[in-house]
Amino acid sequence: MLKTGLNIAHFKEHVKIIEEETVEYFQRWGDSGEKNLFEALSELIILTASSCLHGKEIRGMLNEHVAQLYADLDGGFSHEAWLLPGWLPLPSFRKRDQAHREIKSIFFKVIQKRRQSEETVDDILQTLIDATYKDGRPLNDDEISGMLIGLLLAGQHTSSTTSAWLGFFLAKDEALQERCHAELRAVCGDGMQPDFDQARRISHYLEYTGTSLTTAGGYTIPAGHQVCVSPTVNHRLQDTWVDRMEFSPDRYLNDNPAAGEKFAYVPFGAGRHRCIGENFAYVQIKTIWSTLLRMYHFDLVDGYFPTINYTTMIHTPHNPVIRYTRRDQGAARS
Ligand code: HEM
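Residues numbered from 1 in each chain as written. Predicted model: local features only at pLDDT ≥ 70, side-chain atom pairs only at ≥ 80, totals over all residues. Heavy atoms only, no water.

What follows concerns a nonpolar patch on the surface. Together, Trp82, Leu83 and Leu84 give the surface a local cluster of nonpolar side chains, amounting to about 340 Å² of exposed area. For Leu83, the position within the fold is in helix 6 (residues 79–83). A residue is classified by how much of its surface remains accessible, and Leu83, at 65% relative accessible area, is exposed. (Patch = residues over 30% accessible without salt bridge, like charges linked within 9 Å, V, L, I, M, F, W, Y side chains within 5 Å. Areas by Shrake-Rupley, 256 points an atom, 1.4 Å probe, with all protein chains shown as cover. Salt bridge = Lys/Arg side-chain N within 4 Å of Asp/Glu carboxyl O. Helix = DSSP H or I, 4+ residues; strand = E, 2+ residues; numbered from the N terminus. Buried < 20%, exposed > 50% of the residue type's maximum accessible area, 1.4 Å probe, protein only.)

For the rest of this paragraph, the subject is the UniProt feature "binding site: heme" (unreviewed entry) in the protein. The UniProt record annotates "binding site: heme" (unreviewed entry) at Cys275. Within the element layout of this structure, Cys275 appears in the loop between helix 13 (231–234) and helix 14 (278–295). For Cys275, a relative accessible area of 32% translates into the label partly exposed. (UniProt positions renumbered as here; feature names shortened; annotations may be inferred.)

This brings us to the packing of aromatic side chains. Taken as a whole, this structure holds 14 aromatic pairs when the rule is applied. Aromatic pair Trp165 and Phe169: ring centres 6.4 Å apart, planes at 40°, arrangement tilted. Here the residue Trp165 and the residue Phe169 both occupy positions in helix 10 (residues 156–172), the gap between them amounting to 4 residues, near one helical turn. Each member of the pair, Trp165 as well as Phe169, carries the same accessibility label: buried. Centroid distance Phe268 to Tyr282: 5.8 Å. Interplanar angle 40°. Geometry classified as tilted. Here Phe268, found in the loop between helix 13 and helix 14, pairs with Tyr282, found in helix 14; they are 14 residues apart in sequence, far enough to count as distant. Taken together, the aromatic side chains of Tyr25, Phe26, Trp29, Trp289, Tyr296, Phe298 and Tyr324 make up a single cluster linked through ring pairs. Stacked on the ring of Tyr25, the Lys or Arg Arg28 has its end atom at 3.8 Å from the ring centre. In this structure, Arg96 is placed above the aromatic ring of Phe93, and the distance from its NZ or CZ to the ring centre is 4.4 Å. (Phe/Tyr/Trp six-rings, centres within 6.5 Å; stacked < 30°, edge-to-face > 60°. Lys NZ or Arg CZ within 6 Å of the ring centre and 35° of its normal.)

Turning next to the layout of surface pockets. Here the second largest pocket defines a volume of roughly 570 Å³. Lining the second largest pocket we find 30 residues, and of these Ser42, Glu43, Ile46, Ala71 and Gln156 sit closest to its centre. For the lining of the second largest pocket, the secondary structure elements donating two or more residues are helix 3 (37–54), helix 5 (64–75), helix 6 and helix 10. In the lining of the second largest pocket, the residues fall into 12 nonpolar, 12 polar and 6 charged. (1 Å grid on protein atoms, 1.4 Å probe; cavity = no way out; pocket = protein on both sides within 12 Å on 5 of 7 lines; lining within 4 Å. Points joined across faces, edges and corners; volume = space filled by probe spheres on them. Nonpolar A, V, L, I, M, F, W, Y, C, P; charged D, E, K, R; others polar.)

Structure below.
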């Protein structure tokens, strides 16, 4: 159902929306400085995801209060939430549940209004309103709101963390950053604003980026137990990867070195619950970074490359401050 809404026709519209949101958001950064890149990208991704995945009505309502509700909802996305029952009276759980109720009531109003509207809109909200289950039953407002919240949150930490790390790797590797910039110019022309087809051709950016007793690899997994795969480990396996500890996007320009092994490369999961937002994530992150590289040159602050914060569900960068200079001001680099 959601996959139907995440289609190429929509992505073509999304590139323009994401580019505009990015330019507008980064106006506050001015010409040069040092700022928290992860914080900025987290805020931007809520805005772009809301515009693209929720529709203009919901994006239009995204004020500070709603942003705080998202933050509270997001605060419930923790290790505790994964391991402990949801009814426990933890402050973060209470805030999460209160925010959940409030956001749903906001969405209900938007859905009602859209249902009554004569206007034909082709977006994900409309896809969900028009969708039916196999037995023909349409989704009710509660189900649609839940889907919209799920879409936003599933793509929030994942995309903002990936985008932030990408920024630090580019800042660390001057030659790679300049090659990406040059590629942007080659693919998109002097304006360097990609459309969907061009965004797809830009290569460097994200390419790196039970019910019964079962036995696997000699281990016995009792019924009801969870087995977790760690992409952090999988993507560094000695037998699978050449230069396994290096950030080397070029490795994906040719044949994927791990292509022979089915689950060697699993950033988007695998199997039944594999990510449905992969293509949107590529569109979003490539468009954001195409826009940012057009605008700025990035450097590490005094050579500091963030250490990894393993306490967050998606491993975020510690102290993620980056130095930036507007490109048309740094003549030597543009
Ligand atoms: C770089 C960005 C992203 C990464 C690395 C990523 C990664 C993943 C992974 C590993 C899973 C599987 C989880 C599991 O096995 O239980 C997953 C599931 C999912 N992702 Fe993503 N994701 C990203 C972006 C997005 C975006 C932008 C969206 C929405 C537009 C999204 C929507 C979903 C949904 C709905 C699921 C659950 C699918 C299911 O349970 O059937 N993801 N993602």
